[in-house]
Amino acid sequence: MYNEIDVTKINLTSVPPSEEPDRQYYYMAKCRTYVKQLEERLGHTPTYFTQTFGCQMNAVHGI
């Protein structure tokens, strides 16, 4: 059912939904818009780095 959601068609000018998972899809669409604007401003695709401290179970390890 929710696998068929097209986040490009979500209205971002409306109030965020209060029910899950519609609320999550709303913010996913909002993040896509933010990243696209950031990419245009920087001139390249943004990247990220995650560093964890503490329990090693919180990190994904490659083989």
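Read on for a plain summary of the structure. The numbering scheme is per chain: residues are counted from 1 as the chain's sequence reads. In keeping with the predicted nature of the model, local features appear solely for residues at pLDDT of at least 70, side-chain atom pairs appear and are counted solely at 80 or more, and the whole-chain, interface and lining totals rest on all residues. The basis for every side-chain value is the complete set of non-hydrogen atoms in the structure, without hydrogens or water.

Quick look at the overall build of the chain
Consideration 1: Under the scheme used here, helices are H or I runs from DSSP no shorter than 4 residues and strands are E runs no shorter than 2 residues, and both carry numbers assigned from the N terminus. Tallying secondary structure elements over the chain gives one helix and zero strands in all.
Consideration 2: In the chain, buried positions account for 8% of the 63 residues.
Consideration 3: A total of about 6,100 Å² of accessible surface is found on the chain, and carbon and sulfur atoms cover 55% of it. Exposed residues in this analysis have more than 50% of their type's maximum accessible area, buried residues have under 20%, and partly exposed residues fall in between, with area computed by a 1.4 Å probe over protein chains only. Accessible surface area values rest on a Shrake-Rupley calculation with a 1.4 Å probe, where residue burial reflects the displayed protein chains alone.

Here we look at the pattern of salt bridges
Consideration 1: The term salt bridge refers to a side-chain nitrogen of Lys or Arg lying within 4 Å of a carboxyl oxygen of Asp or Glu. The tally for this structure, following the rule as stated, stands at one salt bridge.
Consideration 2: Of the charged contacts, one joins Asp6 and Lys9 as a salt bridge, the two residues approaching to 3.9 Å between their closest N and O atoms.
Consideration 3: Among the residues examined, Asp6 registers a relative accessible area of 34% and is labelled partly exposed.

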